[in-house]
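Residue-level structural notes
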Amino acid sequence: MPPRSSLPLALTQGDPAGIGPDITLAAWLRRGELDLPPFLFLGDAAVLAARASQLGLTVPLAIADPANASGIFPDALPILPIEAGMDVIAGEPHVATAKGTIAAIETAVSLSMSGRTSAVVTNPIAKSVLYDAGFGFPGHTEFLADLATRATGKPVMPVMLLAGPKLRAIPVTIHIPLKEVPEALTSDLIVETCRITDHDLRSRFGISKPRLAVAGLNPHAGENGALGKEDDEIVRPAIDRLRSEGIDAFGPLPADTMFHDEARRRYDVAVCMYHDQALIPAKALGFDDSVNVTLGLPFVRTSPDHGTAFGIAGKGIAKEDSLVAALKLASEISSKTGNNR
């Protein structure tokens, strides 16, 4: 394993009414057993204290900053305070917490962009809660890209990667309605997504020549145009361009035969045309231990591959496995590559 950075990871609170506090506490309690990298929690200490009491957990909490968090981590859970905005009740989201949720993300990016933390790890957010507060982005991925663009003055294109023990999968189009996918899908978008994927699999995952399996949009990859022309007119020309650049992309492939055991051995990442085409197999093959990684950013960002799970928040049954995997992968990538691309 690469040498671990002395800098802590910046772990955001996510929606404080969800399971973010639960899995944060559970992960810290297993820090020694799992050899977890140090993390600094960006959120409300009162929320963590209340949730620990509700769950019957004994977790010492300490106010901290990036400079001392790693030293504190073995003995207490270090917290950079960001107020939740109200008294939070587990399982009961409220728009009043949106400001703190957004501030935690902004702070985590700022700390990692300035080299004070090694990477950003985000707990799950409830997009509907943020929308009610005027949040203008479809999700975490697009917001992080906007923050990076504002910080660097350069346009940033984010690419969502679901990385699990059995499958890596990428959706070319992300948080848009299915009916809008054909219009949004272009050869240029596929090409740029695959370029970023190829670059980051090399630089951040250590894969010397990534193999990109590209899914078709339509059933049976269009069946030679009988089931739709997009695969021949949009997807295939993109693959031809990528191959001319030396990128090992192949397809378009029928999505229904891409994800069985033998098929997965032929590629390093599946590039899919829309959100569910990628996320359904990714979550089916690794729901508890897959990680959401955002490629294309000038900092490392990972996240658990699940939502806020309000229905089980505070009940002691949330699994911390995906957060643990996200923390470990963020530390591994940042140790290999440093904070920046």
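As the structure is a computational prediction, the values presented were derived from the model and not from experiment. (Residues numbered from 1 in each chain as written. Predicted model: local features only at pLDDT ≥ 70, side-chain atom pairs only at ≥ 80, totals over all residues. Heavy atoms only, no water.)

A count of helices and strands for the protein gives 12 helices and 12 strands. Taken over the C-alpha trace, the protein has a radius of gyration of 20 Å; the compact-globule value for 341 residues is 20 Å, and the two agree within 12%. By principal-axis analysis of the C-alpha atoms, the protein measures approximately 60 × 40 × 40 Å. Residues classed as buried in the protein amount to 55% of the 341 residues present. As presented, the protein carries roughly 13,900 Å² of accessible surface, and 52% of it is formed by carbon and sulfur atoms. (Helix = DSSP H or I, 4+ residues; strand = E, 2+ residues; numbered from the N terminus. Rg over C-alpha atoms; globule rule 2.2 N^0.38 Å. Buried < 20%, exposed > 50% of the residue type's maximum accessible area, 1.4 Å probe, protein only. Areas by Shrake-Rupley, 256 points an atom, 1.4 Å probe, with all protein chains shown as cover.)

Okay, the sheet that holds strand S12 (residues 301-304) next. Spatial strand order, S3-S4-S2-S1-S5-S12-S11-S6-S7-S10-S8-S9: 12 strands in an open sheet with mixed pairing. In the strand order of this sheet, the two ends are held by strand S3 (61-63) and strand S9 (248-253), each with one partner. The mean angle between the axes of side-by-side strands here comes to 30 degrees, regardless of whether they run parallel or antiparallel. Pairing geometry for strand S11 (residues 291-295) and S12, over 3 bridges, is antiparallel. By the bridge assignment for S12, valine 291 is matched with proline 304. Across the face of the sheet, helix H9 (residues 230-244) comes into contact with strand S8 (211-215) and S9 while running at roughly 165 degrees to S9. (Pairing = 2+ DSSP bridges. Axes fitted to C-alpha atoms, helices over the stretch in contact; angles between N-to-C directions. Contact = heavy atoms within 4.5 Å.)

Bringing the layout of surface pockets into the picture now. Reported here for the largest pocket is a volume of approximately 340 Å³. For the largest pocket, the lining is made up of 19 residues, of which Lys127, His175, Asn292, Pro304 and His306 are closest to its centre. Elements represented by at least two residues in the lining of the largest pocket include exactly helix H6 (140-152), strand S6 (159-163), helix H11 (275-286) and S12. A per-class count over the lining of the largest pocket returns 6 nonpolar, 9 polar and 4 charged. Both domain 1 (1-156 + 298-340) and domain 2 (158-296) contribute no fewer than three residues apiece to the lining of the largest pocket. (1 Å grid on protein atoms, 1.4 Å probe; cavity = no way out; pocket = protein on both sides within 12 Å on 5 of 7 lines; lining within 4 Å. Points joined across faces, edges and corners; volume = space filled by probe spheres on them. Nonpolar A, V, L, I, M, F, W, Y, C, P; charged D, E, K, R; others polar. Domains from an automatic or database assignment.)

Let us now look at the nonpolar core. Leu77, Ile190 and Met273 are the most contacted members of the largest nonpolar core, which has 61 residues in total. Lining this core are residues from two domains, each supplying at least three of them: domain 1 (1-156 + 298-340) and domain 2 (158-296). Discounting residues that sit within four places of it in the chain, methionine 273 has contacts with Val172, Thr173, Val181, Leu185, Ile190, Val214, Ala215, Gly216, Leu217 and Val235. Formed by 29 residues, the second largest nonpolar core is a distinct cluster that contains Leu42, Ala69, Ala104 and Val156. (Core = buried A, V, L, I, M, F, W, Y, C linked by side-chain atoms within 4.5 Å.)

This model, assessed by the stated rule, comprises 15 salt bridges. With its nearest N and O atoms 2.9 Å apart, the salt bridge here joins arginine 264 to aspartate 261. A residue pair is termed a helical-turn pair when its members lie 3 or 4 positions apart in one helix, as arginine 264 and aspartate 261 do in helix H10 (residues 261-264) at 3 residues. (Salt bridge = Lys/Arg side-chain N within 4 Å of Asp/Glu carboxyl O.)

A word on the environment of phenylalanine 143. Considering the arrangement of structural elements, one finds phenylalanine 143 in helix H6. Each C-alpha atom of the pair phenylalanine 143 and proline 158 lies 9.6 Å from the other, and the pair is 15 residues apart in sequence.

This paragraph deals with the UniProt feature "binding site: substrate" (unreviewed entry) in the protein. Here the UniProt-annotated "binding site: substrate" (unreviewed entry) positions come out as His140, Thr141, Lys283, Asn292 and Arg301. Within the annotated group, the residues that form the lining of the largest pocket are His140, Thr141, Lys283, Asn292 and Arg301. Within the secondary structure, threonine 141 sits in helix H6. According to the relative accessible area criterion, threonine 141 is buried, its value standing at 1%. Once residues lying within four places of it in the same chain are set aside, the contact partners of threonine 141 are Pro158, Met160, Ile174, Thr294 and Arg301. Note that lysine 283 resides in helix H11. (UniProt positions renumbered as here; feature names shortened; annotations may be inferred.)

So, about the UniProt feature "binding site: a divalent metal cation" (unreviewed entry) in the protein. Sequence positions flagged by UniProt for "binding site: a divalent metal cation" (unreviewed entry) are, in local numbering, His175, His220 and His275. Spatial dispersion of the annotated residues is evident: they stretch over 101 residues in sequence, and the largest pairwise C-alpha distance comes to 23.7 Å. Among the annotated residues just listed, those lining the largest pocket are His175 and His275. Among the secondary structure elements, histidine 220 is positioned in the loop between S8 and H9. Residue classification places histidine 220 among the partly exposed residues on the basis of a relative accessible area of 43%. Ignoring any residue separated from it by four or fewer positions in sequence, one finds histidine 220 in contact with Leu227, Pro254 and Asp256. Secondary-structure assignment places histidine 275 in helix H11. Excluding residues that lie within four positions of it along the chain, histidine 275 makes contacts with Pro171, Thr173, Ile174 and His175.

All right, on to the pairing of S8 then. Along a regular strand, successive side chains alternate from one face of the sheet to the other. With respect to burial, S8 is a largely interior element, 4 of its 5 residues being buried. As defined by bridge partners, S8 adjoins S9 across 4 bridges and the pair is classed as parallel. Each residue of the ladder has a partner; that of leucine 212, found in S9, is alanine 249. Once the chain exits S8 it traverses H9 before rejoining the sheet at S9, and the crossover so formed is right-handed. By the bridge criterion, 3 bridges tie S8 to strand S10 (residues 269-272) in an arrangement that is parallel. Bridge assignment links leucine 212 to a residue of S10, and that residue is valine 269. (Right-handed = clockwise from strand over helix to strand, strands pointing away.)

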